[in-house]
Amino acid sequence: MIAADRTRPDAIQKGYVFMNVVVGMSGGVDSSVAAYLLQRSGYTVYGTIMKIWDKSLPARMPLRSACFSPDEDHDLNDAQKVCDILSIPLHVLDCSQEFHDQILSYFKAEYEKGRTPNPCVFCNRHLKFDLINKKLRENGLQYDFFATGHYARIIRQENGYQLGRALDRSKDQSYFLYRLAKDQLAEILFPLGELTKDEVRSIARSINLPVSSRPESQDFYAGDYRDLLSSLNVNAPCGRIVNRQGRTLGMHRGLHNYTIGQRKKLGVCSTQPLYVLEINADRNEIVVGSKNEQRQWGLIARSLNLLVNEFPPVLHAKTRSTQEPVPCTINIQGDTMTVQFAQPLESITPGQSIVFYDADIVVGGGIIDMAI
């Protein structure tokens, strides 16, 4: 039997055998269209959605659409409407305890260390592409592939499957997926990897999906991070704001209220713009300085996740999801990587991820430990 062409899930080809696929639904237009495209291609499609909201937290009015929100029943209702229209079953999974234990605990611990985490990369690895599959299979559901509405691609090469960037660079989400395990890639489908957002919305309108105009939901939390951290009882005493020479310029309101590169609301008077250069948890200090002092030529990363056996001679890297990849060189010693860039970068932030690319292929990444 020949499996379906995984790089073009909407292209039906004679002689291909189509199989079962579970689509991780969010209630948004992207996952909804992903489910439709796979169904149109001949797959037997099942939907699934996680319930992750922690009901012990205050249910404040959401400021925006996001994955973690007290308004998640609205997402569930929209996902159910889409599944009803497509005539596919929806499996609702309660993952709230695991989300608290693995994602919120990590989120809190990183801020208490003076770091700025990106919980989405860990949620993708441990919950969306791992825990969901374990729970579904424990419940007896048999399927061949797991799919989502992420804008990324799975690219087949001679040495196996690789994670690739979406063709629409403005929507590419491969940065948030770099922590997937290499052996997971053969069982993942990204039906939107060759589409633009406008094309996805157009498809949704053409089949009258009720979520065709729904706002995007790419934030981790629907409210103010400071409110969430306060609810999680983050230890955040006040402390000094200093310059590189150690001179006190003011007092901060708790380390979790600041991030590297921040310029506004520092509470410091100065004749020139000041930026957060460093968050030092050991001394409970915020270090500020000029824009030029933000620029760094390298970094050290740890907690590596590598998707290739050997790195290519020319690498490009991103330290933020919206950044254009820049050339770099690397030196790996165990689980520690030293990175040198061909040009200085601003606001290299401990706790965020650095992701490496070989043209369109994601070759791995790690968690930024410090700028150098």
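Structure first, text after, so check above.
About the criteria used
- Residues numbered from 1 in each chain as written.
- Predicted model: local features only at pLDDT ≥ 70, side-chain atom pairs only at ≥ 80, totals over all residues.
- Heavy atoms only, no water.
- Helix = DSSP H or I, 4+ residues; strand = E, 2+ residues; numbered from the N terminus.
- Phe/Tyr/Trp six-rings, centres within 6.5 Å; stacked < 30°, edge-to-face > 60°.
- Buried < 20%, exposed > 50% of the residue type's maximum accessible area, 1.4 Å probe, protein only.
- Lys NZ or Arg CZ within 6 Å of the ring centre and 35° of its normal.
- Polar contact = N/O pair within 3.5 Å; in protein donor to acceptor, adjacent residues only side chain to side chain.
- Pairing = 2+ DSSP bridges.
- Contact = heavy atoms within 4.5 Å.
- Axes fitted to C-alpha atoms, helices over the stretch in contact; angles between N-to-C directions.
- Salt bridge = Lys/Arg side-chain N within 4 Å of Asp/Glu carboxyl O.

Inspection of the secondary structure assignment puts Q352 in the loop between β17 (336–345) and β18 (353–358). Residues Q352 and N118, 234 residues apart in the sequence, show an inter-C-alpha distance of 5.7 Å.

Let us now look at the packing of aromatic side chains. Enumeration over the complete set of coordinates arrives at 15 aromatic pairs. Residues F311 and F356 carry aromatic rings whose centres are separated by 6.3 Å and whose planes lie at 85° to one another, so their mutual orientation is edge-to-face. Taken as a pair, F311 in the loop between β14 (296–306) and β15 (315–318) and F356 in strand β18 lie far apart in primary sequence, 45 residues in all. Given the relative accessible area of 23%, F311 is considered partly exposed. In textbook terms, an aromatic cluster arises when at least three aromatic residues are bridged by ring pairs, as seen for W53, F68, F99, F107, Y111, F220, Y221 and Y225. Over the ring of Y151 we find K171; its NZ or CZ atom is 6.0 Å from the centre of that ring.

You can see T116 is positioned in the loop between α3 (96–112) and α4 (119–138). A distance of 3.2 Å separates polar atoms of two side chains, one belonging to T116 and the other to T259.

Let us now look at the sheet that holds strand β1 (residues 20–24). Here we have five strands laid out as an open sheet, ordered β4-β2-β1-β5-β8, and parallel in their pairing. Every interior strand has two partners, whereas the edge strands, β4 (90–94) and β8 (188–189), have only one. Judged from the five bridges that link them, β1 and strand β2 (residues 44–51) form a sheet pairing that is parallel. By the bridge assignment for β2, G24 is matched with T48. Strands in contact with helix α2 (residues 72–86) are β2 and β4; relative to β2, the strand with the most contacts, it is inclined by about 170°.

Below, the discussion takes up the sheet that holds strand β10 (residues 239–242). Read from one edge of the open sheet, four strands run β11-β10-β13-β12, paired in mixed fashion. With one partner strand each, in any of the chains shown, β11 (248–252) and β12 (275–280) form the two edges of the open sheet. For this sheet the average axis-to-axis angle between neighbouring strands, irrespective of direction, equals 30°. For β10 and β11, the ladder comprises four bridges, and the chain directions are antiparallel.

Evaluation of the coordinates by the stated rule reveals 21 salt bridges. In this structure, E110 and R115 form a salt bridge, with 2.8 Å as the shortest nitrogen-oxygen distance. The class of E110 is buried, set by a relative accessible area of 6%. With a shortest N-O distance of 2.3 Å, R169 and D360 are connected by a salt bridge. Of this pair, R169 sits in the loop between β7 (160–165) and β8 while D360 is found in the loop between β18 and β19 (361–371), placing the two residues 191 residues apart along the sequence. A network of salt bridges, in which partner residues are shared, links E110, K113, R115, R302 and D369.

By themselves these figures say nothing about function.
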